[in-house]
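Examination of the molecular architecture
Given next are the chains, with one letter for each unit.
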Amino acid sequence: MLDTIPSKDLKHIGKPVERDDAIEKLTGQALYTGDLEFAGMLHAKLLRSPYARAKIISIDISKAQKLPGVHAVLTGKDLHYRVGLYLVDKHIMAKHVTRHFGEAVAAVAAETPEIAQKAVDLIKVEYEELTPFLDATKVFDKDVPLVHPDLGRYSYIKEVFTPVPGTNIANHTKLRKGDVEEGFKNADYVFEREYTNPNVQHVPMETHIAIGKWDIGDRITIYTSAQSPFTVRNLFSFSFGISHSNIRVITPYVGGGFGGKAGIGLEPLVCCLSKAAGGRHVKLQATREEEFSLLPCRSGLTYRIKTGVMKNGKILAQKMTMFWDAGAYADYAVNVTRASGFSASGPYEIENAWVDAYSVYTNKPFGTAYRGFGHVEFSWGVERQMNYIADRLSIDPFEFRKINAIKPGSKTMTGEVITDHSGNVTKCMETVAKAINYGKLTATEKARELKTGMKIGKSVVALHKAPAMPSMTGTVVILKLNEDASVTVNHALTEIGMGTYTSLRQIIAEVLRWPVERIKIPIENDTDRDPYDWQTVASKGLLLSGNAAILAAQDLLDKCYDIAAQALRAMKCDLDHDAEKVFVRHKHESFITFKQMSVGYAYPNGNAICGPVVAIGRYIAQGLTNLDKENSQGYPAIDWTFGAHGVITEVNPKTGAFNVIKVASAYDVGRVINEESVRGQAIGGMIQGLGTAMCEGYIYNKDGKLLNPSFTDNKIPTALDLPEEIECFAVETPQVDGPFGARGVGEHSMIAVCGGVGNAIEKAVGADLTHMPIRAEDVWKALQKKLKPVKAKKK
Amino acid sequence: MKIKLTVNGKKYERDASESKNLLHFIREDLGLTGTKEGCGAGECGACTVIMDGKTVNSCLVLAVEADGATIQTVEGEAKNGKLSKLQTAFKANHAVQCGFCTAGMLMSSRALLNKNPKPTVDEIKHAIEGNFCRCTGYTQIIEAVQDASGQLKKRGGLKRA
């Protein structure tokens, strides 16, 4: 929409407009859920399972109940509701059996957090420890313990997902394109390898927190740090059988999400505690340790890729098998399986493709959405596989990528034809290759090698992702004209930090031809007051909400022109406007101001017309289809954002210690709406990707106990971990149905960073890496069994 | 135990329990909720405040240890209703995303600039090394501190390919 307007004709679009929420956040005035206090509010604490899988024999809460100041003690036995996003498989607390280390077993609401903790310490639980199921790749082994023996009785979205009762498979996504066996037969070479990723924690700086109040009469109020108030409301309504209209969900300022706060989390529990405590507010904030093991993480992945390729570098066929370690509950993991299933090849065209992607229940903390939605994880395998094959064909890996890159006319794995408007991954790759002087070492780099004894390696990797969302994902923007001709916006995309609200202000201001300062979008969302939005996920916010914002702004002008036409006795077609007024084009002295018409226009004699001005813009994804469950063919993608990283690393060839010297990244964002927001997403995601690449990941003992649920043992990157140089580029191939041609880039910056680092390390010292994260000791280990140069073997 | 302290230039006298940390004291007893808790274990720096000129993780300091101390929190950074130069630079350089690390990040930057008005990039990185930020990737924060100290040559940096 409005994608053909040249950038030079735009006043606000493309500019680094400052964030509207910066002042509150910089002064400490922004109120997050944890900053809210209510009279009589209680505080909750939890007792959690020390075992990955155990039968609950008994729970004695009698001493806890008697402690003065305690208002409610609940266990799984008291709560008969199931929750679930796509597959309704989770009790609010463990009932009869615990399914992962850290799962909630009992909860207390008391007058202070200290009393609540004391009461929790008084609860006695008798467990019978059971053998856990911990290895997702053993899903087809005989006689493994079943995480959910009742899987066949759970309700789920049948059009989209395929659980397999009697197994630990929560979902099986199948993709079949062309004839993969014929492809292998015709290929000159076939390569098969396996790549692995652990569970990873999102680490929003604000841990999950919710305040719930369940009034007598079953009216519910929830304040929560969530990515979607409407999804919380919808899932709550489904689980408890309470009307949507009686559930009010408010999201104050949210301290980061990254997918971990999509869906529903602590809200049902605080509400049940509130009900048990007679309707008082109950607040529960996850400790950092609970964030790691009670709340969801990113699923682990074991990815087997078998690639058939011609001597000239063209990939003919690829068979991809994904074992997603979904943990104890399906949550978003089943949809990660689906979405990663349909793009599992990365941004490369595969004529004959076969994917089997399994979400496998295990007795571990459960997986959910995480920035990139599966693409970070499979990209690690894809990008390592691309280099592995290129090396063996003696083709430069960058050239090999260009040969196979998706381009106009290519068919995606689901059969969608890529057009000139879909974005340009080759241009992204070429841009970053140039930025890192790919293919050679500069004189400075050679001198650095000599001086330090380190070896420098470079790589180019590519990425793509489309929003993974229901085919009918929609949103609404409402503009309310104020007396001073400013506009207050009602909209329920949640501003979790990404800056989309500022971009929306720019879009609205551009269409209205008003200063950005006159557009206000309140940060807090409220399901009782704001119109519906599905979720703040999938990098779909800018496109869908941006289009709704354009339509709302156009509707506002249309309504104002109606008023002006009536008041000025003019034809609408003869009207025009500037920032202050609507006027008759051939008679400029005939005008009325936006202020005059804001809350109803009054003629000089006092007669009034039209009423307060409210405008609306509704937008919904169009043309998307549910994928055929037998072959995943169809149209899942509203848009594809392509990108690439160029990475330079230096590696100590003896110890395996390495530094990332430079990362250059390019994304085809269609059109830049806010320069600094794009750059903030680009760098922020890339550094989060470096965390995944270099140091983050869950470590369990053999019994499934999580050993590193803290920042002491599970580090994230700090300012000292930044590459010496970071460069960001925007490629602008307009998206025809994007707002001013724009598409989202919130998740993409995190994808493929890991492959880029791994490939650059291999280029530097020859370490063949197949597991991420890559720690210095992993490089050292790989160096010890450095592959002798293997020539490609003809089948 | 009764403690006396000065926070953001204002004197306070309060009873503080021996087990309460400074973070909870500031938030709950003084009502200054701008300082955030990110881990409660001194690892993430979200709760950083300046105590007698030095940055501390307020979750690791007992309130009673702050008896007699002079403390600055994020609420003391703007003066007379106006953002400080540092805050203005954070705003201009998009150094804020979700905002949850921002208070601590500002306090670490403030303590650095108080001692070292023209820090190098390396000195800035070391000063904020104890402050986790999951959103920004730190770069725009470092640029903001450079800007506040008059050292940033050019704002922004997104290139069009």
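These numbers come from a predicted model, not from an experiment.

1. Section: the interface of chain A and chain B
In this assembly, 56 residues from chain A lie in contact with 45 residues from chain B. Only α1 (22-27), α11 (425-435), α16 (675-694) and β33 (725-731) of chain A provide two or more residues apiece to the side of chain A that touches chain B. No other element matches the 11 residues that α16(A) contributes to the side of chain A that touches chain B. A breakdown of the residues in the side of chain A that touches chain B according to their chemical character gives 29 nonpolar, 15 polar and 12 charged. Across 3 bridges, the pairing between β33(A) and strand β6 (residues 158-160) of chain B is parallel. Opposite A:Cys728, over in β6(B), you have B:Leu158 as the bridge partner.

2. Overview of the domain arrangement of chain B
Residue and element names in this part refer to chain B. Looking at chain B, the domain boundaries give domain 1 (2-76) and domain 2 (85-160). Domain 1 and domain 2 are separated by 23 Å when their C-alpha centres are compared. Taken together, the 15 residues of domain 1 in the interface contact 12 residues of domain 2. At the level of secondary structure, the elements contributing two or more residues to the side of domain 1 that touches domain 2 comprise β3 (48-51) and β4 (54-57). Broken down by element, the residue count for the side of domain 1 that touches domain 2 peaks at 3 residues, all from β3. Residues belonging to the side of domain 1 that touches domain 2 are distributed by class as follows: 6 nonpolar, 7 polar and 2 charged.

3. Describing unusual backbone geometry
Of all residues except glycine, most have a negative phi; of all peptide bonds, most are trans. Residues and elements named next belong to chain A. Omega for the peptide link from Met772 to Pro773 comes to 5°, which places this bond in the cis form. Mapped onto the elements of the fold, Pro773 is located in the loop between α17 (753-765) and α18 (776-784). The backbone phi angle of Asp143 is positive, close to 60°, even though this residue is not glycine. Take Asp143: it is sitting in the loop between β8 (124-129) and β9 (169-177). The residue Asn437 is not glycine, and still its phi comes out positive at about 50°. Summarising the element assignment, Asn437 is placed in the loop between α11 and α12 (443-452). Among the residues examined, Asn437 registers 15 C-beta atoms within 10 Å and is labelled partly exposed.

4. A short note on the packing of helix α10 (residues 397-404) of chain A against α11(A)
Residues and elements named next belong to chain A. In the contact formed by α10 and α11, the axes pass within 10 Å of each other and the chain directions differ by 165°. Taken together, the axes of α10 and α11 lie roughly antiparallel to each other. In this structure, the crossing between α10 and α11 has a hand that is left-handed. Listed contacts from α11 to Phe398, Arg401 and Lys402 of α10 are Thr426, Met429 and Ala433. Here the contact of α10 with α11 is built from residues that sort into 3 nonpolar, 1 polar and 2 charged.

5. Focus on the pairing of strand β20 (residues 455-465) of chain A
Residue and element names in this part refer to chain A. With respect to burial, β20 is a largely interior element, 10 of its 11 residues being buried. Here β20 pairs with strand β31 (residues 641-651) via 11 bridges, running antiparallel. The residue of β31 that forms the bridge with Ile456 is Glu650.

6. Some words on the pairing of strand β32 (residues 658-668) of chain A
Residue and element names in this part refer to chain A. Of all the 11 residues making up β32, 9 are buried; the element is thus mostly covered by neighbouring parts of the structure. Sheet analysis places β31 next to β32, joined by 9 bridges and oriented antiparallel. Bridging from a neighbouring strand, Gly643 pairs with Tyr667 of β32. Both β32 and β33 contribute to a ladder of 7 bridges, which runs parallel. Note that in β33 the partner of Lys662 across the bridge is Glu725. Taking the sense of rotation as the criterion, the β-α-β connection linking β32, α16 and β33 turns out right-handed.

7. A few points about helix α9 (residues 375-393) of chain A
All names here are of chain A. In this model, α9 (19 residues) spans 26 Å end to end at C-alpha, consistent with the 27 Å of a helix rising 1.5 Å per residue. Among the 19 residues in α9, 17 count as buried, and that is most of the element. Ser394 occupies a position one or two residues after α9 and carries a positive phi of about 55°.

8. What about the sheet that holds strand β1 (residues 2-7) of chain B?
Residue and element names in this part refer to chain B. Judged by pairing direction, the sheet is mixed, and its 5 strands sit side by side in the order β2-β1-β5-β3-β4 without closing on themselves. What marks the edges here is a single partner per strand, and that holds for β2 (10-15) and β4. Across this sheet, the average inter-strand angle for adjacent strands is 35°, counted without regard to direction. Across the face of the sheet, helix α3 (residues 102-115) comes into contact with β3, β4 and β5 (70-72) while running at roughly 35° to β3.

9. Let's talk about the sheet that holds strand β22 (residues 487-490) of chain A
Residue and element names in this part refer to chain A. One open sheet accounts for 4 strands, arranged β23-β22-β21-β30; its pairing is mixed. In the strand order of this sheet, the two ends are held by β23 (519-520) and β30 (614-620), each with one partner. Pairing geometry for β22 and β23, over 2 bridges, is parallel. Following the sheet pairing, Val487 is matched in β23 by Ile519. Strands in contact with helix α14 (residues 541-568) are β21 (474-481) and β30; relative to β30, the strand with the most contacts, it is inclined by about 145°.

10. Topic: the nonpolar core
Formed by 320 residues in total, the largest nonpolar core has its most connected members in A:Val108, A:Leu273, A:Trp324 and A:Ile761. Every residue in contact with A:Trp324, bar those within four places of it in the chain, is listed here: A:Ala136, A:Ser299, A:Leu301, A:Ala333, A:Val336, A:Thr337, A:Ala357, A:Tyr358, A:Ser359 and A:Val360.

Quick notes on the rules
As a convention, each chain's residues are numbered from 1 in the sequence order in which they are written. A letter from A marks each chain and a number from 1 marks each ligand, given out in the order of writing. Under the rules for a predicted model, residues below a pLDDT of 70 receive no local features and side-chain atom pairs below 80 are neither given nor counted, while totals for whole chains, interfaces and linings still include all residues. Each residue is represented by a C-beta atom placed from its backbone, and any two residues with such atoms within 7 Å are regarded as in contact. Strands here mean DSSP runs of E at least two residues long; helices mean DSSP runs of H or I at least four residues long; both are numbered from the N terminus. Note on residue categories: nonpolar means Ala, Val, Leu, Ile, Met, Phe, Trp, Tyr, Cys or Pro, charged means Asp, Glu, Lys or Arg, and polar means any other residue, Gly included. When DSSP finds at least two bridges between two strands, those strands are taken to pair. An automatic or database domain assignment is the source of the domain bounds shown. Any residue whose C-beta has 12 or fewer other C-beta atoms within 10 Å is treated as exposed, any with 20 or more as buried, and any in between as partly exposed, C-beta atoms being built from the backbone. Axis lines are fitted through C-alpha atoms, for helices just across the contact stretch, and the angle between N-to-C directions can take any value from 0 to 180 degrees. Roughly parallel here means an angle under 35 degrees, roughly antiparallel means over 145, roughly perpendicular means 65 to 115, and every remaining angle is called oblique. We call a crossing left-handed when the near helix sits turned anticlockwise from the far one by less than a right angle, and right-handed when that turn is clockwise. If the strands point away from the viewer and the path from the first strand over the helix to the second runs clockwise, then the crossover is right-handed. A helix is expected to reach a length of 1.5 Å times the quantity of its residues less one. In this description, a nonpolar core means buried residues of the types Ala, Val, Leu, Ile, Met, Phe, Trp, Tyr and Cys, linked to one another by C-beta atoms lying within 7 Å.

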